[in-house]
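An overview of the molecular structure
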Amino acid sequence: MTSESFFDALSMPLPKSVEKNTLSSNNQKLLIPFFDRKRTVSVDEIIRLEGSGNYTNFYLRDGTKMLVSRTLKEYETLLDGQAFVRVHKSCIVNLSFVRKFFVKKEGELELADGQQVKISRRRAQMFIDRIREYSPSRVN
C-alpha cells in the first residue's frame, strides 16, 4: 500500500514528545559515553540516531549532536520499538518528532529539527504500520 492519500492522511502534526522507561512509564534514560565522561539522556530528547560504521550520531532536541562509538544496531535494541523506528539502514527516528511526510518515488519525512530523512522501500511498510499504531503515553 503506497497510496498518496494514506501519506496525506498522516501529514497531520504529531505529538511533541513521548517518554518511556524501564521502571515507571515516564522516565527512560540512556547513559551515553561522550568524550571522557558519560552523559544521561532522556529518550524523549532524542530526535534521531544516524549510524556510520561502528559509530552512532545522536541528534537531540536542544540541537546537540553526539558521536558515540557504538553501532546503531545496539541502540535499536535498547530503544522502544513503539516510539523509535528504523526507517533506513543508517537512521532511526523518534516518531514523536515526525512532522511531515513527502510522497515521491521514495518516501521521505521531515523531523521537528527541519531535517529530511528518506524512508527505504524495504522499511516503508513497517514505518506505516508503526505510525498507525503509534500513540504517545504523554503529550507536551
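See the structure above.
Okay, so let's go over this structure. From a predicted model like this one, the values you see are computed outputs, not experimental measurements. (Residues numbered from 1 in each chain as written. Predicted model: local features only at pLDDT ≥ 70, side-chain atom pairs only at ≥ 80, totals over all residues. Heavy atoms only, no water.)

**With respect to the side chain of Glu108**
Stated precisely, the cut-off is as follows: Numbering goes from the N terminus for both helices and strands, where a helix is a DSSP run of H or I of at least four residues and a strand is a run of E of at least two. Residue contacts follow a heavy-atom distance rule, with two residues in contact if any of their heavy atoms lie within 4.5 Å.
Residue placement: Glu108 occurs in strand E9 (residues 107-111). Apart from the residues lying within four places of it in its own chain, the contact partners of Glu108 are Lys100, Phe101, Phe102, Gln116, Val117, Lys118 and Ile119.

**Here's the deal with the pattern of salt bridges**
Our working definition: By definition, a salt bridge exists where a carboxyl oxygen of Asp or Glu is found within 4 Å of a side-chain nitrogen of Lys or Arg. Each residue is placed in one exposure class: buried if its accessible area under a 1.4 Å probe, protein chains only, is under 20% of its type's maximum, exposed if it is over 50%, and partly exposed if it falls in between.
One pass over the structure, following the stated rule, counts eight salt bridges. The salt bridge involving Asp44 is made with Arg61; its shortest N-O contact spans 3.8 Å. Linking Asp44 in the loop between strand E2 (37-42) and strand E3 (46-52) with Arg61 in the loop between strand E4 (55-60) and strand E5 (65-68), this pair joins segments that are 17 residues apart in sequence. By relative accessible area, which is 4% here, Asp44 ends up buried. Salt-bridge contacts for Asp113 lead to Arg48; the nearest nitrogen and oxygen are separated by 2.8 Å. A residue pair is termed long-range when its members are at least 10 positions apart, and Asp113 in the loop between E9 and strand E10 (116-118) and Arg48 in strand E3 qualify at 65 residues. Each of Asp44, Glu45 and Arg61 takes part in salt bridges that share partners, so that together they form one network.

**Some remarks on the nonpolar core**
Put simply, the rule is: Residue types Ala, Val, Leu, Ile, Met, Phe, Trp, Tyr and Cys, when buried and joined through side-chain atoms within 4.5 Å, form a set referred to as a nonpolar core.
The biggest cluster of nonpolar side chains holds 34 residues, and the ones touching the most others in it are Leu49, Phe58, Val87, Val93, Leu109 and Phe127. Setting aside chain neighbours within four positions, we find Val93 in contact with Ile47, Arg48, Ala83, Phe84, Val85, Val87, Val98, Leu109, Leu111 and Val117.

**What to know about helix H3 (residues 121-133)**
To keep it simple, the criterion reads: Starting at the helix axis, one direction is taken to each C-beta atom, and the arc is that of these directions.
Considered for burial, the residues of H3 that qualify are Ala124, Phe127, Ile128 and Ile131. Viewed along the axis of H3, the buried residues span an arc of 100°, placing them on a single side of the element.

**Digging into the sheet that holds strand E7 (residues 91-94)**
Each strand in a sheet pairs with another by means of backbone hydrogen bonds, the pair being arranged parallel or else antiparallel. Counted only if it meets this: A pair of strands counts as paired when DSSP detects no fewer than two bridges linking them. Under this scheme, a helix contributes an axis fitted over its contacting stretch, all axes are lines through C-alpha atoms, and angles between N-to-C directions fall in the 0 to 180 degree range.
As summarised here, the arrangement of the five strands in space is E5-E4-E3-E7-E6, forming an open sheet in which the pairing is antiparallel. At either end of the open sheet lies a strand with only one pairing partner, and these are E5 and strand E6 (84-88). If you compare each strand with its neighbour and ignore which way they point, the axes differ by 20° on average. Of the strand pairs in this sheet, E4 and E5 are connected by four bridges, and their pairing is antiparallel. Residue pairing in the sheet places Tyr59 in a bridge with Lys65 of E5.

**Some points on the environment of Glu45**
When you line up the elements, Glu45 lands in the loop between E2 and E3. Taking the C-alpha atoms as reference, Glu45 lies 9.6 Å from Phe97; in sequence the two are 52 residues apart.

**Thoughts on the packing of aromatic side chains**
Cut-off, in case you're wondering: Two aromatic rings, drawn from Phe, Tyr or Trp (for Trp, its six-membered ring), form a pair once their centres lie within 6.5 Å of each other, and the interplanar angle then sorts them: stacked below 30 degrees, edge-to-face above 60, tilted otherwise. Charge over a ring is defined by NZ of Lys or CZ of Arg lying within 6 Å of the ring centre and within 35 degrees of the ring normal.
Enumeration according to the criterion identifies one aromatic pair in this entry. Taking 4.9 Å as the distance between ring centres and 90° as the angle between the ring planes, the aromatic pair formed by Phe58 and Tyr75 counts as edge-to-face. Of this pair, Phe58 sits in strand E4 while Tyr75 sits in helix H2 (residues 72-78), and the two are 17 residues apart along the sequence. The buried category is assigned to Phe58, whose relative accessible area is 0%. In this arrangement the basic side chain of Arg48 is found over the ring face of Tyr59, its NZ or CZ atom lying 3.7 Å from the centre.

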